[in-house]
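Here are the chains, one letter per residue:
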Amino acid sequence: MSDRVGDVMRLCCELSANQQIKTAVKHSGRGAAAAGGLAFAGGLIGGPLGIAVGGAVGGLLGCWMTNGQFKPLPQVIMEMTPDQQQKLYTDVMATLGTIQWTDVAQLTAVVMGNVSLKQQVMAALMGHVHRELQAEIHYVD
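Note that this is a predicted model, so its numbers are computed, not measured.

So, about the overall build of the chain. Each helix and strand in the chain was counted, giving six helices and three strands. Along the chain, from the amino end to the carboxyl end, the secondary structure elements read α-β-α-β-α-α-α-α-β. The buried share among the 141 residues of the chain stands at 34%. Within the chain, residue pairs in contact and separated by at least 24 positions form 75% of the contacts whose partners lie at least 6 positions apart. Just so you have it, the chain exposes about 8,100 Å², and 59% of that area is on carbon and sulfur atoms.

This is the structure:
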């Protein structure tokens, strides 16, 4: 991994750690399927009231199924393959444009000091995570 790619990965880790973002990559589909499936089954059996009851029960089941499956986004970023990191680097660099930096501290300071740029980098990061990793994103309160 080149220094610039590593700097951008550390920037993404810092930004997502500040926002306390967690993701569920592999198990989010199961939770969604449980919620949707039970809402559908409830609708077939009980009509509109069945949809509400099935959706509530399915939501609880989906929550239980994915409980503990969320990982902090910085951990997910560092566990990405080099190809995935390169794709993320490309997405973020499209936002950063021609910004020059000497080390990760300077890059982080530049991005954190510009609210608009910070939001754009976060949007690029979230878009990449959702699109490429097909991950469910959860903001910790």
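Within the fold, Asp7 resides in helix 1 (residues 3–18). With relative accessibility at 8%, the residue Asp7 sits in the buried group. When near neighbours in sequence (up to four residues on either side) are disregarded, Asp7 contacts Trp101, Asp103, Val104 and Leu107.

Enumeration according to the criterion identifies four salt bridges in this entry. One salt bridge in this structure joins Glu132 and Lys87, with 3.8 Å as the shortest N-O distance. Highlighted residues: Glu132 in helix 6 (residues 115–132) and Lys87 in helix 4 (residues 82–96), separated in sequence by 45 residues. Two residues, Arg131 and Glu132, come together in a salt bridge whose shortest N-O distance is 3.6 Å. Counted as one network, the salt bridges with shared partners bring together Lys87, Asp91, Arg131 and Glu132.

As a further point, take a nonpolar patch on the surface. There is a patch of nonpolar side chains on the surface, built from Leu38, Leu49, Val53, Val57 and Leu61 and spanning about 420 Å² of accessible area. Assignment of secondary structure puts Leu61 in helix 2 (residues 28–66). Leu61 sits in the partly exposed class, given a relative accessible area of 34%.

Now for helix 1. Counted at 1.5 Å a residue, the expected span for helix 1 with its 16 residues is 22 Å, and the 22 Å between its end C-alpha atoms agrees. Of the residues making up helix 1, those classed as buried are Val5, Gly6, Asp7, Val8, Met9, Leu11, Cys12, Cys13, Leu15 and Ser16. Just past helix 1, the residue Gln20 takes up positive phi, approximately 50 degrees.

In an α-helix, one turn spans 3.6 residues; hence positions three or four apart end up facing the same way. Within helix 5 (residues 104–112), the full set of buried residues consists of Leu107, Thr108 and Val111. The buried side chains of helix 5 occupy one side of the element, clustering within an arc of 100 degrees when seen end-on. Along helix 5, the residues that are exposed and aim more than 90 degrees away from the buried face are Ala105 and Ala109.

Quick notes on the rules
Residues numbered from 1 in each chain as written. Predicted model: local features only at pLDDT ≥ 70, side-chain atom pairs only at ≥ 80, totals over all residues. Heavy atoms only, no water. Helix = DSSP H or I, 4+ residues; strand = E, 2+ residues; numbered from the N terminus. Buried < 20%, exposed > 50% of the residue type's maximum accessible area, 1.4 Å probe, protein only. Contact = heavy atoms within 4.5 Å. Areas by Shrake-Rupley, 256 points an atom, 1.4 Å probe, with all protein chains shown as cover. Salt bridge = Lys/Arg side-chain N within 4 Å of Asp/Glu carboxyl O. Patch = residues over 30% accessible without salt bridge, like charges linked within 9 Å, V, L, I, M, F, W, Y side chains within 5 Å. Expected span 1.5 Å × (residues − 1). Arc of directions from axis to C-beta.

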